[in-house]
Amino acid sequence: MQNFYLGADVSKGYSDFILLDAAKRQVEDGFQLDDTFEGHHELYRILSTFCDNRPRTRIYAAVESTGGYENNWFNTLVKFQNALPIQTARINPCGIHHNSKAELDRNITDPISAENVAKYMIEHPKKVRYERPDPLASLRKQWSFIKMLTKQETQLSNQLEANLYTANPEILAYCKNGVPNWVFSLLQRYPTAAKLAKARRSAVALIPYVTAQKAKELIETAKNTVASAIDEITEQIIKTTVKHIRQLKKAIEVQNQIMVKACSVPEVELMKTFPGIGDFSAVGLMLEIGSIERFATAKKLASFWGMHPVYKQSGDGSWGFHLSKKGRREPRHILYMVALNAIQCNPLIREIYLQHTAKGMEKMAALGLCMHKICRIIYGMLKHNQAFDPQIDRQNREKSGPSKPKHHRNKSRRYQDFDAKAPISRRQGKKRKERKQSQNVNNVECGIIKASVPTTA
């Protein structure tokens, strides 16, 4: 079986292709096709002719993730798998970019980018995952649509708050935890303090959840306002903003109901047994995970979400343990809100959070630790198809027991101990002195006599 690699650099409306063999030699001149029916049909003809002329051939094809422009080509190549010996993958452009930099490529063109995609498949086969169409692709689009609507709602809410600060600042006292529906209704009728001051108490009291006493307070406060914007343009802007916010809220609610109903799968119901995970969070996490079989261990899932701790040390400088924040960003946002809720309503997570903050850990660091813990719990629930049980985690922690301090010699210094004549910095000298003192203490405690560090004669 002879393997060939098809690299595609997708642009808006067209794509560049190139075919390489396993030795990274070009076996077909680069070509460019438009993202049309004729272009896709021509791609099938080229690949079909290529396979007919070379029996026992397998083609590995890949496209970069380019924000959606690659979807048509990717789905077409996946369809070709039914008739041609071809496998298709979607690759993170970050890996291709750094692989190109490692080869010291200086020129960047579309044909060269297509060649870089093919080279990446050849040089990093373990990093490429060939797949079939995503059954959750439609739900992912709907999730992105809901996130877009939510972002628009947030932008309009911020704009409304800025306008109310000059048109009716006293009403903001009722909006500390979000804008209630009765405030929206009030603003649609009386957008500014000047309008509200002239309103009748009985008319204001007709608004739902506004009592006669509250209506009186609102009118009296509006009469003694410090508002500076009383023009008609401000009134019109506030009314229009409120109208769009209410429409967006209704649209988001409807889309959430449709998505939750469409994604009513056992995995979502399983995750909802964890106190702190609701419908929206469970669906979002399920869309990010896809199939739990993709991840061999909980560590791989944590790395995919950027939840794994990283430590950086180079020369005299060091950078403590932090979340890497690489990989998918959306699941970290979801887990952040889940962790906040779990600290309040989940005894297990609250116990872990309080245990570490009592030891002096900062609150945000402890919250990140809880996020990582929830990630591992979710992996275990899905892997073993078992509902959340806090006793399982407590039993596992009891089995592991407290970690015992281990005293190991620095393996990197096994050929030479620290030399006092080395031209090191003051910071490095301080570190070596502290390390020597700690080793001496450990050796005395363990009854070990260690040779002293060589000194100058």
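To be clear, the structure that these remarks concern was listed above.
Residues numbered from 1 in each chain as written. Predicted model: local features only at pLDDT ≥ 70, side-chain atom pairs only at ≥ 80, totals over all residues. Heavy atoms only, no water.

Draft legend 1. Helix 1 (residues 37-53), seen in detail. The end-to-end C-alpha distance of helix 1, which contains 17 residues, comes to 25 Å, matching closely the 24 Å that a straight helix rising 1.5 Å per residue would cover. Lining the buried residues of helix 1 we find strand 1 (2-11), strand 2 (14-21), strand 3 (26-34), strand 4 (57-64), helix 2 (71-80) and strand 5 (86-91). (Helix = DSSP H or I, 4+ residues; strand = E, 2+ residues; numbered from the N terminus. Expected span 1.5 Å × (residues − 1). Contact = heavy atoms within 4.5 Å.)

Draft legend 2. Expanded view of the nonpolar core. Grouped together as the largest cluster of nonpolar side chains are 49 residues, with contacts concentrated most on F274, L335, I374 and I378. Per element, the largest residue contribution to this core is eleven residues, and it comes from helix 16 (residues 363-384). If you look at the next biggest cluster of nonpolar residues, it comprises 28 residues, including A193, I207, I219 and A229. (Core = buried A, V, L, I, M, F, W, Y, C linked by side-chain atoms within 4.5 Å. Buried < 20%, exposed > 50% of the residue type's maximum accessible area, 1.4 Å probe, protein only.)

Draft legend 3. Structural detail: the sheet that holds strand 5. An order of 3-2-1-4-5 is seen for the five strands of this open sheet, with the pairing classed as mixed. Here the strands that pair on one side only, and so sit at the sheet edges, are strand 3 and strand 5. Sheet twist, expressed as the average angle between the axes of neighbouring strands with direction ignored, equals 20 degrees. As judged from the six bridges shared by strand 4 and strand 5, these two strands associate in the parallel manner. Counterpart to A61 in the pairing with strand 5 is T88. (Pairing = 2+ DSSP bridges. Axes fitted to C-alpha atoms, helices over the stretch in contact; angles between N-to-C directions.)

Draft legend 4. How the structure looks around the packing of helix 5 (residues 137-167) against helix 12 (residues 279-289). Packing of helix 5 against helix 12 leaves a shortest axis separation of 10 Å and a crossing angle of 130 degrees. Here helix 5 is positioned oblique relative to helix 12, judged by the angle of their axes. In this structure, helix 5 crosses over helix 12, and the sense of that crossing is left-handed. Of helix 12, the residues touching helix 5 (which contributes L139, R140, W143 and I146) are F280, G284, L287 and E288. A per-class count over the contact of helix 5 with helix 12 returns five nonpolar, one polar and two charged. (Parallel < 35°, antiparallel > 145°, perpendicular 65-115°, else oblique. Left-handed = near helix turned anticlockwise from the far one by under 90°. Nonpolar A, V, L, I, M, F, W, Y, C, P; charged D, E, K, R; others polar.)

Draft legend 5. Inspection of the pairing of strand 1 at higher detail. The buried fraction of strand 1 amounts to eight of the ten residues, a majority that puts the element mostly inside the structure. Pairing analysis gives seven bridges linking strand 1 to strand 4, with the strands arranged parallel. Paired with A8 across the two strands is V63, which belongs to strand 4. With eight bridges joining them, strand 1 and strand 2 adopt antiparallel strand pairing. Residue pairing across strands places V10 opposite S15, the latter belonging to strand 2. Taking the residues that link successive antiparallel strands as the turn, the strand 1-strand 2 hairpin has two residues, and the phi of G13 there is positive, at about 95 degrees.

Geometric descriptors of this kind do not, in isolation, establish any biological role.
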